[in-house]
Amino acid sequence: MTVQLPLVPGYPRLVAALGAAGLSVSDVVHLTEYARSFDGLDAARAEVLSGHPVPVSRVPVEAVVGSDAPYALGVTVCPGGGEPAGDGVRVADGVVYLPGVFTAEGDFREQYRWCLDRIVGLLAGAGLGPESLVRTVDYTATATRTEYPRCGRPRKEVLGTGPIHPGAAGILVDAPVAPGARVALDAIAATGPLQVLNPGWARYDTLTYKPAVRAGDKIFGAGFGALDPVSQQALHAGDLTAQTAYVYRGIEAVLACGGATGEDVTHLVEYLTPAAVADYPATAVLRKRHFPNAVVDAVVCSALLRPEFLIETVPTAVLR
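Residues numbered from 1 in each chain as written. Predicted model: local features only at pLDDT ≥ 70, side-chain atom pairs only at ≥ 80, totals over all residues. Heavy atoms only, no water.

Okay, the overall build of the protein chain next. Tallying secondary structure elements over the protein chain gives 6 helices and 19 strands in all. The globule rule puts the C-alpha radius of gyration for 320 residues at 20 Å, and the 18 Å found for the protein chain is close to it. On the principal axes, the C-alpha backbone points of the protein chain span a range of 50 × 45 × 40 Å. In the protein chain, buried positions account for 55% of the 320 residues. Nonlocal contacts in the protein chain, meaning residues at least 24 apart in sequence, comprise 78% of its contacts between residues at least 6 apart. For the protein chain, the exposed surface amounts to about 12,900 Å²; the carbon and sulfur share of it is 55%. Charged side chains of the protein chain number 25 positive and 32 negative; the gap between the two group centres comes to 3 Å. (Helix = DSSP H or I, 4+ residues; strand = E, 2+ residues; numbered from the N terminus. Rg over C-alpha atoms; globule rule 2.2 N^0.38 Å. Buried < 20%, exposed > 50% of the residue type's maximum accessible area, 1.4 Å probe, protein only. Contact = heavy atoms within 4.5 Å. Areas by Shrake-Rupley, 256 points an atom, 1.4 Å probe, with all protein chains shown as cover. Lys, Arg positive; Asp, Glu negative; His and termini not counted. Charge placed at Lys NZ, Arg CZ, Asp CG, Glu CD.)

Structure, rendered in structure tokens:
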């Protein structure tokens, strides 16, 4: 069974964190590096992993909530470590973990298209197609916000017309993952049949992403913000607690479509804007009430696609 560790404050502590869970480096199936700077991380990772090939996603952040460490690791593990499947891809417990992708060549839309094509190529190496995707997360700069709608066309051309589309999230990060990269894209896929989860929100009928996708006993959610799915208006501007409560209720509504509840949520990634950090501790009671079993990665991004959003939450659940 796949397990998500609490955020690890750096590679020097990774082996100890794994040992405390009865695991080892050979059980790691994916790493996310949340960092203000990636200088030196390649060497640190290589030293600790000792040749164990693991897909890595790099997420530039303003800070990791509750930590003074310069970077933190999101660590996904599965006893036995799964199996490699092509170029940097690893498959474990029916989930296909891909490395993050980016390029410095071309304009915003060209880079976005390149990232999608690269993901499709990685999936092909694992014997899968784009219809196997269950989640994508893209990281772009605030300056590209007005260009962001241009992502729709390459997504339709590469991902197809459905009916299955992955959950998706779009996060604004002003420090690029590498010089010249205007977008970086993370993706996860699954090997078995997929089911779209949608409580009937018609806005998703024309989009290239869905509220969530169920793959076997796992549910991969999109990024949830305080957006009314009917009016498409942002709600509760300036009020983090109200936005968080709305987001959590929306997640539970989607989970119910797949026979799950908040107790089945195993992992939350919460992207906070700088304006939300001071009030974030006050939302802990909501997380405990709605998602008592979730490991939480809370990081500070530069902004979110809707300027009114203070928080965007990406959930993963495993049915018991």
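Right, picking up where we left off after that structure.
Here the focus is the pattern of salt bridges. With the rule as written, the count across this model stands at 14 salt bridges. Note that Lys218 and Asp217 form a salt bridge whose closest N and O atoms lie 3.0 Å from each other. Judged by relative accessible area, which is 7%, Lys218 ranks as buried. Shared partners join several salt bridges into a network, and the residues in it are Glu33, Asp42, Arg45 and Arg58. (Salt bridge = Lys/Arg side-chain N within 4 Å of Asp/Glu carboxyl O.)

One can find Glu83 in strand 6 (residues 83-84). A C-alpha to C-alpha distance of 24 Å links Glu83 and Val8, two positions 75 residues apart in sequence. Residues within four places of Glu83 in sequence aside, it is in contact with Val89, Arg90 and Val91.

In a packed pair of helices, the relevant descriptors are the angle between the two axes and the axis-to-axis distance. For the pair helix 3 (residues 108-125) and helix 4 (residues 152-159), interaxial distance at closest approach is 9 Å and the crossing angle is 20 degrees. By the angle class used here, helix 3 and helix 4 are roughly parallel. With respect to the hand of their crossing, helix 3 and helix 4 are arranged in right-handed fashion. Note on element contacts: helix 4 touches helix 3 through Arg153, Pro154, Arg155, Glu157 and Val158, opposite Arg109, Tyr112, Arg113, Leu116, Asp117 and Val120. (Axes fitted to C-alpha atoms, helices over the stretch in contact; angles between N-to-C directions. Parallel < 35°, antiparallel > 145°, perpendicular 65-115°, else oblique. Left-handed = near helix turned anticlockwise from the far one by under 90°.)

What follows covers unusual backbone geometry. A negative phi holds for most residues other than glycine; trans holds for most peptide bonds. Residue Gly162 is joined to Pro163 through a cis peptide bond whose omega torsion reads 15 degrees. Along the chain, Pro163 falls in the loop between helix 4 and strand 11 (167-172). Here the phi dihedral of Gln232 falls at roughly 60 degrees; this positive angle occurs in a residue that is not glycine. Tracing the backbone through its elements, the reader meets Gln232 in the loop between strand 15 (218-221) and helix 5 (240-257). Positive phi values are uncommon outside glycine, yet His236 reaches one of about 55 degrees. His236 gets classed as partly exposed once you look at its relative accessible area, which sits at 37%.

What follows deals with the sheet that holds strand 3 (residues 56-60). One open sheet holds the 4 strands; their spatial order is 1-5-2-3, and the pairing between them is mixed. Each edge of the open sheet carries a strand with a single partner, namely strand 1 (3-4) and strand 3. The sheet contact formed by strand 1 and strand 5 (residues 71-77) spans 2 bridges and is antiparallel. The residue bridging Val3 from the neighbouring strand is Val77, located in strand 5. Along the sheet, helix 2 (residues 41-49) makes contact with strand 2 (28-35), strand 3 and strand 5, crossing strand 2 at roughly 155 degrees. (Pairing = 2+ DSSP bridges.)

Another point: helix 4. Turning to helix 4, its buried residues are Pro154, Arg155, Val158 and Leu159. All buried residues of helix 4 project into a common sector of 105 degrees when viewed along the axis, lining one side. On its buried face, helix 4 sits against helix 3, strand 10 (133-140) and strand 11. (Arc of directions from axis to C-beta.)

A few words now on the packing of aromatic side chains. Aromatic ring pairs are defined here through the distance separating the ring centres and the angle between the ring planes. Applying the stated criterion across every chain, the model contains 6 aromatic pairs. Look at Tyr11 and Tyr71: their rings are 6.0 Å apart centre to centre, the planes differ by 40 degrees, and that puts the pair in the tilted class. Of the two residues, Tyr11 is situated in the loop between strand 1 and helix 1 (14-20) and Tyr71 in strand 5; the sequence distance between them amounts to 60 residues. Here the two residues Tyr11 and Tyr71 agree in accessibility, since each one is buried. Three or more aromatic residues link up through ring pairs in this structure, and these residues are Trp201, Tyr204 and Tyr209. (Phe/Tyr/Trp six-rings, centres within 6.5 Å; stacked < 30°, edge-to-face > 60°.)

Another aspect to go through is the sheet that holds strand 14 (residues 212-215). Strand order in the open sheet formed by 7 strands is 4-17-16-19-15-14-13, with mixed pairing between adjacent strands. Sheet topology places strand 4 (63-64) and strand 13 (194-197) at the edges, where each strand pairs with a single neighbour. Two strands pair when backbone bridges link them, and strand 4 and strand 17 (residues 295-300) are joined in this way by 2 bridges, in the antiparallel orientation. Within the sheet, the bridge partner assigned to Val64 lies in strand 17 and is Val299.

That is the geometry; function is a separate question.
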